[in-house]
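Now for the letters of each chain:
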Amino acid sequence: MTPPAAASAAARTDDQTTDPAADTAAADAQAPAPSGLPGNGDDDPDERTAADSAAQRRTPSAASPTGSAASPTGAEFTRPRGMFSSLRVRNYRYYFAGQVVSNTGTWMQRIAQDWLVLSLTGSPLAVGITTAMQFLPMLLLGLFGGVLADRMPKRRLLVYTQGAMGLLAAGLAVLTIGDVVTPYYVYAFALLLGLVTVVDNPTRQAFVSEMVGPKDLANAVSLNAANFQTARLVGPAVAGLLIAAVGSGWAFAVNALSFAAVIGGLLAMRESELRPTEPIAREKGQLREGLRYVKERPELLWPMVLAGFIGTFGFNFPTLLSGFAYDTFKVGAGQYGLLNTAMAVGSLAGALLAARRGAPRLRRLVGAALAFGTLEVVAAFAPDYWTFALLLMLIGVFGLSFNTSVNSMLQLSTDPEMRGRVMGLLVLVFTGGTPIGAPIVGWVTASYGPRLGLLACGLVSALAAAAVGLVLARSADLRVRFDLHPGRGGRVVAVVPRVAVPRKSELAAAC
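Everything numeric in this text was worked out from a predicted model, so none of it was measured. (Residues numbered from 1 in each chain as written. Predicted model: local features only at pLDDT ≥ 70, side-chain atom pairs only at ≥ 80, totals over all residues. Heavy atoms only, no water.)

**Q** Hey, could you go over the overall build of the protein chain for me, with residue numbers and the actual values?
**A** Assigned secondary structure in the protein chain consists of 19 helices and 2 strands. Residues classed as buried in the protein chain amount to 55% of the 511 residues present. Pairs at least 24 residues apart make up 85% of the contacts formed inside the protein chain by residues separated by at least 6 positions. Of the accessible surface of the protein chain, which amounts to about 21,100 Å², a share of 63% is contributed by carbon and sulfur atoms. (Helix = DSSP H or I, 4+ residues; strand = E, 2+ residues; numbered from the N terminus. Buried < 20%, exposed > 50% of the residue type's maximum accessible area, 1.4 Å probe, protein only. Contact = heavy atoms within 4.5 Å. Areas by Shrake-Rupley, 256 points an atom, 1.4 Å probe, with all protein chains shown as cover.)

So this is what it looks like as structure tokens:
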């Protein structure tokens, strides 16, 4: 990846002129560098003054292909300060520690819930229905969750949502341990959990910037993903042991207790060290405003589109992995949990690599999605259990790379007062499509086998990545440049604008 400072220097030298006066005039007329996009060169965005930020919000970007204002986030891309740089922030350390415990419980419940439904019904389709019920509220109400995240103090809202999730886990534990649970009870609890997640998910994602600020935001997003995947290594294994020893209900009970850790971390934070975004006043049209905001920015719109395809079809692993374990390889709960663990190993590696890389780029996002879909196609033909598990590790690497890239790029490219709505829309397209994709994949898996289900998911993901990549290249007017003598620090193959105009567009800079 080209460092931001180097990208900025390259952009300034793309179109040199021999007239010094013309150079000066062009520099004076040049619009400010688009915030939140690579190539700005601001080494310390935290030190920007309020006047600078206000001036940037008032200055339209002449280079924007849509004619919209420059992305006024004040959250420029910077070089990473270390793989764990965001853990230097005390409040984030508390949050991170609480999430380690809570995420482990969450993965235990996911595995236990899928296995419980499969045990009660014997049908992968029922697993797909359960997943759909959990994500249906996101499809219907996801945008409203983003609006609430912008309207309310985020830390207080997270205390409420995390507490509600703990109570739901406890209720499902009581029903299961009491041996009165039915598939319909599981569907109902999945639906209620989805309703809480509608608010919790965008609030949690937008709250990261209030803990660490823009300099460490990309790193914190990657570490959150690493945290989640580390829990994914432990949770399925523990869940498999508990299910085999005492039943699924105790996995739900442990998850209920785990929410105390994250709530305790939130309450222990020093409020004076947070960077809270001022909640917006309640007004009509705020939902439409968020949609219009994304529509007018290609660097936000097309990653959203790709996330929708990947989330709807590519990430249907609860349905697919249960089908592979139960029907294709005919293994038990322990081996089913091991498949999830294998994928988590790859996902953890992908998250740590993302934490080192720092600034996300659109080309990396599209490339990760293309590799993710292609590997799913290959995994559909895996001849045995262990080959399939190995391929799941690689799928995890690229799936997580895509996930963290789209998350951090959208946050860094968005105004603070719009961040909740933008992240709500991302959650909507990424997870809200699951009620559509999960039953389809579940039906294909039940009717034609897990291999064909995974093959279809991989093909859709890969084709969507290729199509979005072509649209982005065409919209930004990019071409591939070959240079057999690139010189020191140069590249043999590079993607550059067709017309060498400095900062031709925000989209070209983001690619």
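After that view, the rundown keeps rolling.
**Q** Lay out the nonpolar core with the relevant residues and their values.
**A** Formed by 102 residues in total, the largest nonpolar core has its most connected members in Met211, Leu306, Phe388 and Phe402. Discounting residues that sit within four places of it in the chain, phenylalanine 388 has contacts with Leu321, Phe324, Phe329, Leu339, Ala379, Ala382 and Leu454. (Core = buried A, V, L, I, M, F, W, Y, C linked by side-chain atoms within 4.5 Å.)

**Q** Hey, could you go over the pattern of salt bridges for me, with residue numbers and the actual values?
**A** All told, the structure shown has 6 salt bridges when counted by the stated rule. The residue glutamate 271 makes a salt bridge to arginine 155 at a minimum N-O spacing of 3.6 Å. Of this pair, glutamate 271 sits in the loop between helix H9 (248-267) and helix H10 (286-295) while arginine 155 sits in helix H6 (residues 154-177), placing them 116 residues apart in sequence. On the basis of relative accessible area, glutamate 271 is assigned to the exposed category, the value being 58%. The exposure class of arginine 155 is buried, given its relative accessible area of 18%. A single network of salt bridges, built from pairs that share partners, joins Asp150, Glu289 and Arg421. (Salt bridge = Lys/Arg side-chain N within 4 Å of Asp/Glu carboxyl O.)

**Q** Give a detailed account of the packing of helix H4 (residues 90-121) against H6, specifying residues and quantitative values.
**A** A pair of packed helices can be characterised by two numbers: the angle between their axes and the separation between those axes. Relative orientation of the contacting elements H4 and H6 amounts to 40°, with a least axis distance of 12 Å. Here H4 lies oblique to H6, going by the angle between them. Of the two elements, H4 crosses H6, and the hand of that crossing is left-handed. Of H6, the residues touching H4 (which contributes Ser102, Gln109, Gln113 and Leu116) are Gln162, Ala169, Leu172 and Thr176. Partitioned by chemical class, the residues of the contact of H4 with H6 number 3 nonpolar, 5 polar and no charged. (Axes fitted to C-alpha atoms, helices over the stretch in contact; angles between N-to-C directions. Parallel < 35°, antiparallel > 145°, perpendicular 65-115°, else oblique. Left-handed = near helix turned anticlockwise from the far one by under 90°. Nonpolar A, V, L, I, M, F, W, Y, C, P; charged D, E, K, R; others polar.)

**Q** Explain the packing of aromatic side chains residue by residue, including any values.
**A** Following the criterion strictly, the structure yields 17 aromatic pairs and no others. Relative to phenylalanine 388, the ring of phenylalanine 324 has its centre 4.2 Å away and its plane inclined at 20°; by these criteria the two rings are stacked. In this pair, phenylalanine 324 is assigned in helix H12 (residues 317-328) and phenylalanine 388 in helix H15 (residues 385-412), connecting sequence segments 64 residues apart. In this pair, the class of phenylalanine 324 matches that of phenylalanine 388, namely buried. One aromatic cluster is present, built from ring pairs that chain together Phe315, Phe317, Phe372, Phe402 and Phe430. (Phe/Tyr/Trp six-rings, centres within 6.5 Å; stacked < 30°, edge-to-face > 60°.)

**Q** If you had to explain helix H17 (residues 434-448) to someone new, which residues and values would you point to?
**A** Helical geometry: 3.6 residues make up each α-helical turn, so side chains three or four residues apart lie on a common side. The terminal C-alpha atoms of H17, which comprises 15 residues, lie 20 Å apart, in line with the 21 Å expected from a rise of 1.5 Å per residue. Considering only its buried residues, H17 is in contact with helix H5 (124-151), helix H11 (298-314), H12, helix H16 (419-431) and helix H18 (450-475). Just past H17, the residue glycine 449 takes up positive phi, approximately 105°. (Expected span 1.5 Å × (residues − 1).)

**Q** Provide a residue-level description of the confidence of the model for the protein chain, including the pertinent values.
**A** Here the protein chain averages 77 in pLDDT, and 76% of its residues register 70 or above. Across residues 1-78, confidence stays below pLDDT 50; counting only partners more than four residues off in sequence or on other chains, it has 123 contacts. (pLDDT = per-residue confidence, 0-100.)

**Q** Just give me the short version of the environment of valine 378, but keep the residues and values in it.
**A** Take valine 378: it is sitting in helix H14 (residues 362-379). As a C-alpha pair, valine 378 and leucine 391 span 13 residues in sequence and 8.0 Å in three-dimensional space.

**Q** Lay out the side chain of asparagine 103 with the relevant residues and their values.
**A** Mapping asparagine 103 onto the fold places it in helix H4. Accessibility expressed as a relative area gives 9% for asparagine 103, which makes it buried.

**Q** Provide a residue-level description of H15, including the pertinent values.
**A** Across its 28 residues, H15 extends 40 Å between first and last C-alpha, which sits within 8% of the 40 Å expected from 1.5 Å per residue. Among the 28 residues of H15, 20 are classified as buried, and the element is accordingly described as predominantly covered. By the N-cap criterion, in which a side-chain oxygen at the helix start approaches the backbone nitrogen of a residue two or three places on, H15 is capped by aspartate 384, the distance to tryptophan 386 being 3.2 Å. (Polar contact = N/O pair within 3.5 Å; in protein donor to acceptor, adjacent residues only side chain to side chain.)

**Q** Hey, could you go over the packing of helix H7 (residues 183-212) against helix H8 (residues 217-245) for me, with residue numbers and the actual values?
**A** Packing of H7 against H8 brings their axes to within 9 Å, and their N-to-C directions diverge by 130°. With respect to H8, the axis of H7 lies oblique. The handedness of the crossing between H7 and H8 is right-handed. Here Val208, Ser209 and Val212 of H7 lie close against H8, whose contacting residues are Leu217, Ala220 and Asn224. Split by residue class, the contact of H7 with H8 holds 4 nonpolar, 2 polar and no charged.

**Q** With reference to specific residues and values, describe unusual backbone geometry.
**A** Non-glycine residue aspartate 179 carries a positive phi angle of around 60°. Position of aspartate 179 among the secondary structure elements: in the loop between H6 and H7. Of the residues examined, aspartate 179 reaches a relative accessible area of 68% and is grouped as exposed. Although it is not a glycine, lysine 330 sits at a positive phi angle of roughly 50°. By the secondary structure assignment, lysine 330 is in the loop between H12 and helix H13 (333-357).

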